[in-house]
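Given next are the chains, with one letter for each unit.
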Amino acid sequence: MRLSIYRYNPDVDAKPYMQDYDIELEPTDRMLLDALVRLKSVDDTFAFRRSCREGVCGSDAMNINGKNGLACITKIADLKEPVVIRPLPGLPVIRDLIVDMSQFFKQYHSVTPYVVNDTPRPETERLQSPEDREELNGLYECILCACCSTSCPSFWWNPDKFVGPAGLLQAYRFIADTRDQATGARLDNLEDPYRLFRCHSIMNCVDVCPKGLNPTKAIGKIKDLLVKRTV
Amino acid sequence: MVKREVVGAHYGLRDWLAQRVTAVVMVAYTLLVLLALVMLPKFDYWHWKALWQLDLMRYATVLFLVALLFHAWIGVRNIFMDYIKDAGIRLTLYVVVILALIAYGAWAVQILWGK
Amino acid sequence: MAITTRQFDAVVVGAGGSGLRAALQLAEANLRVAVLSKVFPTRSHTVAAQGGVSASLGNEEPDNWHWHMYDTVKGSDYLGDQDAIEFMCRKANEAVIELEHYGMPFDRLDNGKIYQRPFGGHTSNYGERAVKRACAAADRTGHAMLHTLYQRNVRAKTQFFVEWMALDLIRNQAGDVLGVVAMEMETGEVTILQAKATLLATGGAGRIYAASTNAFINTGDGLGMAARAGIPLEDMEFWQFHPTGVAGAGVLITEGVRGEGGFLLNKNGERFMERYAPTVKDLASRDVVSRAMATEIKEGRGAGKDADHILLKLDHLGADVIDKRLPGIREIAKKFANVDPAKDPIPVVPTCHYQMGGIPTNMHGQVLAGHGGNAIIKGLYAAGECACVSVHGANRLGTNSLLDLLVFGKASGEQVVKDLGADAIAHQELPKDAADRALARLARLDSAKSGESVHEVGAELRRTMQLHCGVFRFPDSLAEGVRKIHEVAQRAGSLYFKDKSKVFNTARVEALELENLVEVAVSTMVSAHARQESRGAHDRSDFPDRDDAQWMKHTFWYKEGNRLEYRPVNLKPLTVESFEPKARVY
């Protein structure tokens, strides 16, 4: 299998470069991550993140043939060779495919990512109808892999101010939770030309989400609520 | 000055909403003009000129212009917000754009009511 | 070279479910706490748990903690300590309700209460019939739980050290633990994190097997650190093989599939579990189901052209139920097995899944010093899969792992708060050689000019474990395994990798992880070789029966001298009557 991989180690390299590899695969190597692990067994200087290898931890997000995705659930057979692999765009590269995700998590943390409910805790669970619970589907499944935010031009230009699709999806996850009581404060937090309204519905986020989630739709719902609150 | 990421301007919604409302106005105006053109008995300079003597067309056009200029202002400012990082340069560009838009507006009114 | 020392009240190593639950307890008590994790917290392996967390809420049908306790004791094949099991089962409801209050998106019943589904080994009225006890968020319970716990820690302003790897424990002359030596992966810098309490929550080491449902990061780092620090490892011969890992890929398919009504078929289309467990069939304990599957395959009734797997049928549930209750499974089956479970069965095989053994603790998370007694190691705590309380004994019940990490994560956190608060203890003086062992390991790796490949030694370790210490264990094979695993350990003493960089050197991380895996593998093989009976997940061809007269005891393995000791099982619960060992039928 032929691969062309972005390499950069600040310890030794003056600047990043693309390195070509041609590696022998075993029949059991089916996902791109298998190929990368195979490659690492040959060249241990190649650095990337990985963990669960089944698409739930969100570690191995990278840019594969120009599109962000998770290596562990990208089938080798579906890829055009040579497969060009780069780190997630728009974030500082630490080394090879490893990017500094602090900016991304900072935005996630900025949306008060937890249920706020200051009423006395009942002895049993807080009740929620199956229909109300259904509102959380398509939101809570986010794995924070950053495929969406780093494919969003608005996030590229203003990563410090724009919350980004992942953060906004989570912002809506808590607005949509009937147990949460902080909708007003959450909307205040987002009513800003940068934090929310940098989203221009480009929809790259929807296109790349490895879990099939739709941040644009969630952002639309936040906007609807803001309108409803204003008029 | 201490470097802060300043957010919380609380006007994003107003602009976002305005952009949509102005878009609706522009669509309505476009339909009106198309309708007017279709209903013109003859498509020549004299009929065209007569059309713009109508108060309805003139005021509709002014409304359209206001919508267009506001829509353009929001759109252009959005682009500047995306790409221009320096607040000083951004403010200068804003002023230039606002002055240009006002000038365009004045020019258009002059055309409508001029001879 | 002077090493930076940073002081905290408590250091938590690991930010999976138990680490986060414990950290929450500490942060909310306003202790200065540092939580170390090799990966961003929400990437910890708790995220991959699917089916549910058990609690006898009785939301759908009558249930109570006595039945849950009985199931857990029976599931453990009577090796679990009954005081700890009572403690856990009684705390279950509170733990789950608390999690719901934190915002966990549980599925719901029409009356608004938490949805519960049947699971393997969960029964009502002491084994009479299957009961709905597993509280679930679709088939993403672990994901929902880990994110909820992380979110709650964000609220509590817990201080995280993300992408830091703990290398070794620091112990003084008296044997007290005074913190850890750790490495920041991004810079390669080594730091001493001095703490009045050190809590290990490093998870399991399922990566010692070639076929494993576990993540790459599950390398038993806490166990390696403990073993090197002279702390014993308990019951390491007991490894759970989950019945349904996707054949070839190893990816987990939740037992919730069978809870929702799916079942297993051999190549003749026979629902063979009816023969092995007439009452609860496919919902027997995991060791029972895995053994039945392995037997079917061994006797030539496996499916596929190589007759090497079993089929998990669930298409009869209908696409609607699958999409509502098991959406993740459908995704996984399509991606990793190329089948749509709404139409075709999923090829599955028993796959290494969970480590029942671990660092010995009491039910407050305090680590036991071993030597048969109840003495604890001052300053050291452990919780979650890396700990052995022991509530799982010789075989864990499905959904009890998530419960374990909630209950004992919290309990150990509470114990730390209590121990630190009582007399406002000061930091003890660090020994001069506090970081020496860790630094020597790093120096050796960094200066090696040649040696064994990390990849090859790792592969050999996994092959050896898979071949010699799998679902069925044979005396000669085990003896051979002991010899081979020591050979692997020997080779792991001279690892070499090309990358000498300081910046995010993952080759170095993998070498350090392999050193930890070696401790786990050796302890497993040696403990398994010594236990001359079949109990729970440990099945020996030469001793096919459980031997309660000889072996109602926990194995303690010590790295020093590769020594074994034993400690009797605690059959005495806290408040109720003991469950006396009985023949185990499902």
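The coordinates are above.
The following paragraphs examine the structure supplied in this document. (Residues numbered from 1 in each chain as written. Chains lettered and ligands numbered in written order. Predicted model: local features only at pLDDT ≥ 70, side-chain atom pairs only at ≥ 80, totals over all residues. Heavy atoms only, no water.)

### Overview of the nonpolar core
In summary, soluble globular proteins display a tendency toward joint burial of nonpolar side chains.
Point 1. If you look at the biggest cluster of nonpolar residues, it comprises 180 residues, and the most contacted ones within it are L3 of chain A together with I346 of chain C.
Point 2. The greatest single-element share of this core, amounting to 11 residues, is contributed by helix α3 (residues 82-102) of chain C.
Point 3. Once residues lying within four places of it in the same chain are set aside, the contact partners of I346 of chain C are I253, I310, L311, L312, L314, I329, A333, A337, V339 and P341 of chain C.
Point 4. By size, the runner-up hydrophobic cluster in this structure holds 85 residues, among which are L442, L461, V482 and M525 of chain C. (Core = buried A, V, L, I, M, F, W, Y, C linked by side-chain atoms within 4.5 Å. Buried < 20%, exposed > 50% of the residue type's maximum accessible area, 1.4 Å probe, protein only. Helix = DSSP H or I, 4+ residues; strand = E, 2+ residues; numbered from the N terminus. Contact = heavy atoms within 4.5 Å.)

### Details of the sheet that holds strand β22 (residues 563-568) of chain C
All names here are of chain C.
Point 1. Strand order across the open sheet formed by 3 strands is β10-β21-β22, with antiparallel pairing between neighbours. A single partner strand is all that each edge strand has here, and the edge strands are β10 (233-234) and β22.
Point 2. Alignment of strand β21 (residues 553-558) against β22, held across 6 bridges, turns out to be antiparallel. The partner of T555 across the bridge, within β22, is Y566. (Pairing = 2+ DSSP bridges.)

### Quick notes on the interface of chain A and chain C
Point 1. Opposite the 64 residues of chain A that make contact, chain C presents 65 residues.
Point 2. Applying the counting criterion to the chain A and chain C interface returns 8 salt bridges.
Point 3. R179 of chain A is paired through a salt bridge with E100 of chain C; the nearest N and O atoms lie 2.8 Å apart.
Point 4. The interface formed by chain A and chain C contains 38 residue pairs in polar contact (both at pLDDT 80 or more).
Point 5. Those elements that provide at least two residues to the side of chain A that touches chain C are α1 (32-42), β6 (93-95), α2 (102-109), α3 (130-134) and α5 (164-175) of chain A.
Point 6. The element that contributes the greatest number of residues to the side of chain A that touches chain C is α1 of chain A, accounting for 5 residues.
Point 7. Its residues assigned to classes, the side of chain A that touches chain C shows 32 nonpolar, 10 polar and 22 charged. (Salt bridge = Lys/Arg side-chain N within 4 Å of Asp/Glu carboxyl O. Polar contact = N/O pair within 3.5 Å; in protein donor to acceptor, adjacent residues only side chain to side chain. Nonpolar A, V, L, I, M, F, W, Y, C, P; charged D, E, K, R; others polar.)

### A closer look at the pattern of salt bridges
Residue and element names in this part refer to chain C.
Point 1. For the structure shown, the criterion picks out 73 salt bridges over all chains.
Point 2. Here K196 and D9 are joined by a salt bridge, their closest N and O atoms 3.3 Å apart. Remark: D9 occurs in strand β1 (residues 4-13) and K196 occurs in strand β9 (residues 190-200); sequence separation between them is 187 residues.
Point 3. Accessibility expressed as a relative area gives 21% for K196, which makes it partly exposed.
Point 4. Close ionic contact of E460 with R463 constitutes a salt bridge, the shortest N to O distance being 2.7 Å. Taken together, the positions of E460 and R463, both in helix α13 (residues 454-468) and 3 residues apart, correspond to about one turn of that helix.
Point 5. E460 sits in the buried class, given a relative accessible area of 18%.
Point 6. A relative accessible area of 48% means that R463 is categorised as partly exposed.
Point 7. Shared partners join several salt bridges into a network, and the residues in it are D77, E237, D287, R291, R531, E533, R535, D539, R546, D548 and R584.

### Regarding the packing of α5 of chain A against helix α6 (residues 183-190) of chain A
All names here are of chain A.
Point 1. α6 packs onto α5 with a crossing angle of 160° between their chain directions and a minimal axis gap of 10 Å. Taken together, the axes of α5 and α6 lie roughly antiparallel to each other. You can see that α5 and α6 cross each other, and the crossing is left-handed. Seen from α5, the contacting residues are L168, A171, F174 and I175; seen from α6, they are T183, R186, L187 and L190. (Axes fitted to C-alpha atoms, helices over the stretch in contact; angles between N-to-C directions. Parallel < 35°, antiparallel > 145°, perpendicular 65-115°, else oblique. Left-handed = near helix turned anticlockwise from the far one by under 90°.)

### Re the sheet that holds strand β13 (residues 310-313) of chain C
Backbone-to-backbone hydrogen bonds pair the strands of a sheet. The strands run either parallel or antiparallel.
Residue and element names in this part refer to chain C.
Point 1. Taken in spatial order, the 4 strands of this open sheet run β11-β14-β13-β12, and their pairing is antiparallel. Each edge of the open sheet is held by one strand with a lone partner, namely β11 (239-246) and β12 (263-265). Shown here is a sheet whose adjacent strand axes are inclined to one another by a mean of 50°, direction ignored.
Point 2. Its contacts with the sheet put helix α10 (residues 327-337) on β11 and β14 (346-355), and the angle it makes with β14 is roughly 110°.

### What to know about the side chain of E234 of chain C
Residues and elements named next belong to chain C.
Point 1. Within the fold, E234 resides in strand β10.
Point 2. Although E234 is buried, it makes no salt bridge; R567 carries the closest opposite charge, 5.5 Å away.
Point 3. Within the structure, E234 has its side chain in polar contact with the side chain of H554 (distance 3.3 Å).
Point 4. Leave out the neighbours within four places in its chain, and E234 touches G357, G358, P360, T361, C388, S390, H554, T555 and F556. (Lys, Arg positive; Asp, Glu negative; His and termini not counted.)

### Description of the interface of chain B and chain A
Point 1. Taken together, the contacts link 17 residues of chain B with 18 residues of chain A.
Point 2. Here chain B packs against chain A, burying approximately 1,800 Å² in sum over the two surfaces, 57% of which is carbon and sulfur.
Point 3. Scanning the region where chain B abuts chain A turns up 1 salt bridge.
Point 4. One salt bridge connects R198 of chain A with D82 of chain B, and the closest N-O pair in it is separated by 2.9 Å.
Point 5. Counting every contact that joins chain B to chain A gives 8 residue pairs in polar contact (both at pLDDT 80 or more). (Buried area = accessible area lost by both parts, 1.4 Å probe.)

### A few points about the packing of aromatic side chains
Point 1. Evaluated as defined, the whole model comprises 24 aromatic pairs over all chains.
Point 2. Ring geometry for F197 of chain A and W16 of chain B: centres 6.1 Å apart, planes at 45°, overall tilted. With one member in each of two chains, F197 of chain A in the loop between α6 and α7 (204-208) and W16 of chain B in helix α1 (residues 12-39) form a pair that bridges those chains. The same class applies to F197 of chain A as to W16 of chain B, namely buried.
Point 3. With a centroid separation of 4.9 Å and an interplanar angle of 85°, the aromatic rings of F161 of chain C and W164 of chain C are classed as edge-to-face.
Point 4. Joined through ring pairs, the aromatic side chains of F104 and F105 of chain A together with F40, Y150 and F160 of chain C make up one cluster.
Point 5. Residue placement shows R325 of chain C over the ring face of Y115 of chain C; its charged tip is 3.8 Å from the ring centre.
Point 6. One residue, K553 of chain C, lies across the ring of Y566 of chain C, its end atom 4.7 Å from the ring centre. (Phe/Tyr/Trp six-rings, centres within 6.5 Å; stacked < 30°, edge-to-face > 60°. Lys NZ or Arg CZ within 6 Å of the ring centre and 35° of its normal.)

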